[in-house]
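Next come the chains, spelled out residue by residue.
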Amino acid sequence: LGKAALIHSLDRESLALALSKEAKKQGVASDVLLEINCGREANKGGVLPEEAEALAELVCSLEGLSLKGLMTMAPVCEQKEDYRPYFKEVRRLYEKMKESGLFDTDSPVLSMGMSGSYEIAAAYAPIRIRWTNGGLEIRNVLDFTNLSEYTLHIQFEHDGKLLAGRKLTVNCPPHNSILIEPDILLPTQCRLGLYCTVTLLDQSKQVVAWFQEKLPCETLSQKEVFEPAILQEDRRYIFAETPNVTYRFDQLTGCIDRICVDGQELLEGPMQLGAFRAATDNERKMDPLWNNLTIWKGENLDYTFNNVHDICVGNGVIRTKGVLAGVSRRPFLQYETAYHFGSDGQLRIVLDAQVAEDAVWLPRLGFQLTVPHQNLPYTYFGMGPMECYCDSCHHGKIAFFSSYASDEYVPYVNPQEHGNHIRVKTLTLDKKLTVTGDDFDFNASVYPAHMLYRAKHTDELHLTGKTYLRLDYKNSGLGSASCGTELDEKYRLQEKQIHFELLFAPAVNTKEE
């Protein structure tokens, strides 16, 4: 009490009385959620749905407790649709209690589902949106409330720039839809995308829900033909030097190991291809299959060797062939890379890879860069502003965001993977270098992955004065296997044939203010 921002697990009268007594003793007030046992499971905590209102009335009468909403976890289900009746029941209970004034807030919380069921849980948000017939269809999925009691904020954004925005109130009864036509002529072509974002505000101006829809728009190709740079070579290194950018390729490691833009070093050590990430709480079953926990199994991704066995240079292009393998393991990945250097400072990296047929699905695959500057500022166009993974992203939206690696850090009690962003199209480092790709994953941290993996608590982490970047073809979802189902296959990186392209270029007007 007094330390937790929100207690999610209030489920019985005795606990409510004990919390109230301790809150009065300490002179604090605690915000709480009722935990609902929607599956009526004997081995799981939570108040039964039919008993929730009585418990809520008790909580409202107690000193030191403030009821802010409901929380539920559905039983483990084989099929996604099997989750629906559980979430539907809790949604209706939430609406009924809200109408009865049992919540001590104008914007009560409804926390439902985990990574294995979040798509179904999200279906019980107050509204649904879709783009149809040249307009925005908004459906009211509430059981009792007209959308006239809310304010809709609708924004159209083109390539990260706001085209138009308006706030309006609509008459839309429960379980009805309304079509809203845009009040501007929308573009037909884009570089980054055309999006409509809808935010639902209650009468106290609190955000109740938001959705973002990608609208039909022809995406212009960003592949530019550039004049090849002249490459210079010594016994170990190959150099591509242009007026603004210098790249250096190390023939011993088969990697780019230096990027210098306008005199600023942006890379320290090799830009390595790899698949390792600091395992999360949900990956206890996968950890021994990925990493070197026993001598009998595991791909040993935490001890990966990069064996480059062929390098070919010509016409501004360096081509390599190699394999990735964990120590004492057969290669889990065969790959070919092509580094196309342009005379204007651009560098296009093309990766074609084949994952071994008998290899377990990978946590991620992409390039790791170590930047010799702590907390390097950057701007990206992708899913943000909070961390987003392919199975946990309904809270985010696609837009331009600016951040620092320290702001991306999530202080989990057990240090682990954090700070990812999905569907990234551009990333600009310190207004110097822009990386462009087709919906890649991006991650920045002030701690290296191996430090996060080996640390058992946050006091074992220490700053190194560097920033650690990941540019990934894909970062697998987090799942909820610590107390739920295994990660759904659609969120796993289990492709066997992989094609991945990135374009590096000196930064020029990457963000419109």
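For the structure given in this document, a descriptive report is provided here.

1. What to know about the overall build of the protein chain
Inference 1: A count of helices and strands for the protein chain gives 7 helices and 30 strands.
Inference 2: Expected size for 513 residues packed as a compact globule is a radius of gyration near 24 Å; at 26 Å, the protein chain falls within 12% of this value.
Inference 3: Looking at the protein chain as a whole, 50% of its 513 residues are labelled buried.
Inference 4: Accessible surface computed for the protein chain: about 23,900 Å², of which carbon and sulfur atoms make up 48%.
Inference 5: Considering the protein chain, the positive charge centre built from 53 side chains and the negative charge centre built from 70 side chains are found 1 Å apart.

2. Describing the nonpolar core
Nonpolar side chains in soluble globular proteins tend to end up buried together.
Inference 1: By size, the foremost hydrophobic cluster in this structure holds 70 residues, and its most contacted members are Phe442 and Phe504.
Inference 2: Residues within four places of phenylalanine 442 in sequence aside, it is in contact with Tyr378, Tyr380, Gly419, Asn420, His421, Val424, Leu427, Leu469, Arg470 and Leu471.
Inference 3: Residues Ile36, Cys38, Ala56 and Ala74 belong to the second largest nonpolar core, which totals 28 residues.

3. Description of the sheet that holds strand β9 (residues 177–180)
Backbone hydrogen bonds are what pair the strands of a sheet, in a parallel or an antiparallel way.
Inference 1: The antiparallel open sheet is built from 3 strands, whose spatial order is β5-β6-β9. In this open sheet, the two edge strands, each paired with only one partner strand, are β5 (127–132) and β9. Neighbour to neighbour, the strand axes of the sheet diverge by 20° on average, direction disregarded.
Inference 2: Judged from the 6 bridges that link them, β5 and strand β6 (residues 135–140) form a sheet pairing that is antiparallel. Opposite arginine 130, over in β6, you have glutamate 137 as the bridge partner.

4. Some points on empty space enclosed by the protein
Inference 1: What the rule picks out here adds up to 3 cavities of 30 Å³ or more.
Inference 2: Of the pockets and cavities examined, the largest cavity occupies roughly 130 Å³.
Inference 3: Broken down by secondary-structure element, the contributors of at least two residues to the lining of the largest cavity are β24 (364–371), β28 (433–445), α7 (449–454) and β29 (467–475).
Inference 4: Among the elements that line the lining of the largest cavity, the one with the most residues is β29, at 3 residues.

5. Regarding unusual backbone geometry
Inference 1: Of note, the amide linkage connecting glycine 384 to proline 385 takes the cis form, showing an omega dihedral of 0°.
Inference 2: Of note, the phi angle at asparagine 315 is positive, near 55°, even though the residue is not glycine.
Inference 3: Assignment of secondary structure puts asparagine 315 in the loop between β20 (304–314) and β21 (317–326).
Inference 4: If you check the backbone angles, arginine 423 has positive phi at about 55° while not being a glycine.
Inference 5: Take arginine 423: it is sitting in strand β27 (residues 420–429).

6. Examining the environment of phenylalanine 103
Inference 1: Within the element layout of this structure, phenylalanine 103 appears in the loop between α3 (84–99) and β4 (109–112).
Inference 2: Residue phenylalanine 103 is classed as buried on the basis of its relative accessible area, which comes to 10%.
Inference 3: Linking phenylalanine 103 and histidine 395, residues 292 residues apart in sequence, is a C-alpha distance of 23 Å.
Inference 4: Residues contacting phenylalanine 103, with those up to four places away along its chain left out, are Leu67, Lys68, Gly69, Leu70, Tyr94, Met97, Lys98 and Pro108.

7. Overview of the packing of helix α2 (residues 52–61) against α3
Inference 1: Remark: α2 packs on α3, axes separated minimally by 11 Å, with the N-to-C direction vectors making an angle of 40°. It follows that α2 is oblique to α3 by the angle criterion. For α2 against α3, the interelement crossing comes out right-handed. Contacts between α2 and α3 involve Ala52, Glu53 and Ala56 on the former and, on the latter, Leu93, Lys96 and Met97.
Inference 2: In the contact of α2 with α3, the residues fall into 4 nonpolar, no polar and 2 charged.

8. A short note on a nonpolar patch on the surface
Inference 1: Together, Tyr303, Phe305 and Val327 make up an exposed nonpolar region whose accessible area comes to about 290 Å².
Inference 2: Topologically, valine 327 is positioned in the loop between β21 and β22 (333–341).

9. Thoughts on the sheet that holds strand β8 (residues 161–168)
Inference 1: Within the open sheet, the 4 strands sit side by side as β8-β7-β11-β12. Their pairing is antiparallel. Of all the strands in the sheet, just β8 and β12 (207–214) have a single pairing partner and so form its edges. Across the sheet, the axes of successive neighbouring strands diverge by a mean angle of 15°, strand direction being ignored.
Inference 2: By the bridge criterion, 7 bridges tie strand β11 (residues 194–201) to β12 in an arrangement that is antiparallel. The residue bridging threonine 199 from the neighbouring strand is tryptophan 210, located in β12.

10. Points about helix α1 (residues 13–26)
Inference 1: The end-to-end C-alpha distance of α1 is 20 Å, a good match for the 20 Å that 14 residues give at a rise of 1.5 Å each.
Inference 2: All of the buried residues along α1 are Ala16, Leu19, Ser20 and Ala23. Along the axis of α1, the buried residues cluster in a sector spanning 100°; they form a single face. Seen from the open side of α1, the exposed residues pointing more than 90 degrees away from its buried face are Lys21 and Lys25.

11. What about α3?
Inference 1: In this model α3 runs 23 Å from its N-terminal to its C-terminal C-alpha over 16 residues, within 8% of the 22 Å that 1.5 Å per residue would give.
Inference 2: Within the span of α3, buried status applies to Phe87, Val90, Arg91, Leu93, Tyr94, Glu95 and Met97.
Inference 3: Immediately downstream of α3, the backbone of glycine 101 shows phi near 75°, a positive value.

Parameters at a glance
Residues numbered from 1 in each chain as written. Predicted model: local features only at pLDDT ≥ 70, side-chain atom pairs only at ≥ 80, totals over all residues. Heavy atoms only, no water. Helix = DSSP H or I, 4+ residues; strand = E, 2+ residues; numbered from the N terminus. Rg over C-alpha atoms; globule rule 2.2 N^0.38 Å. Buried < 20%, exposed > 50% of the residue type's maximum accessible area, 1.4 Å probe, protein only. Areas by Shrake-Rupley, 256 points an atom, 1.4 Å probe, with all protein chains shown as cover. Lys, Arg positive; Asp, Glu negative; His and termini not counted. Charge placed at Lys NZ, Arg CZ, Asp CG, Glu CD. Core = buried A, V, L, I, M, F, W, Y, C linked by side-chain atoms within 4.5 Å. Contact = heavy atoms within 4.5 Å. Pairing = 2+ DSSP bridges. Axes fitted to C-alpha atoms, helices over the stretch in contact; angles between N-to-C directions. 1 Å grid on protein atoms, 1.4 Å probe; cavity = no way out; pocket = protein on both sides within 12 Å on 5 of 7 lines; lining within 4 Å. Points joined across faces, edges and corners; volume = space filled by probe spheres on them. Parallel < 35°, antiparallel > 145°, perpendicular 65-115°, else oblique. Left-handed = near helix turned anticlockwise from the far one by under 90°. Nonpolar A, V, L, I, M, F, W, Y, C, P; charged D, E, K, R; others polar. Patch = residues over 30% accessible without salt bridge, like charges linked within 9 Å, V, L, I, M, F, W, Y side chains within 5 Å. Salt bridge = Lys/Arg side-chain N within 4 Å of Asp/Glu carboxyl O. Expected span 1.5 Å × (residues − 1). Arc of directions from axis to C-beta.

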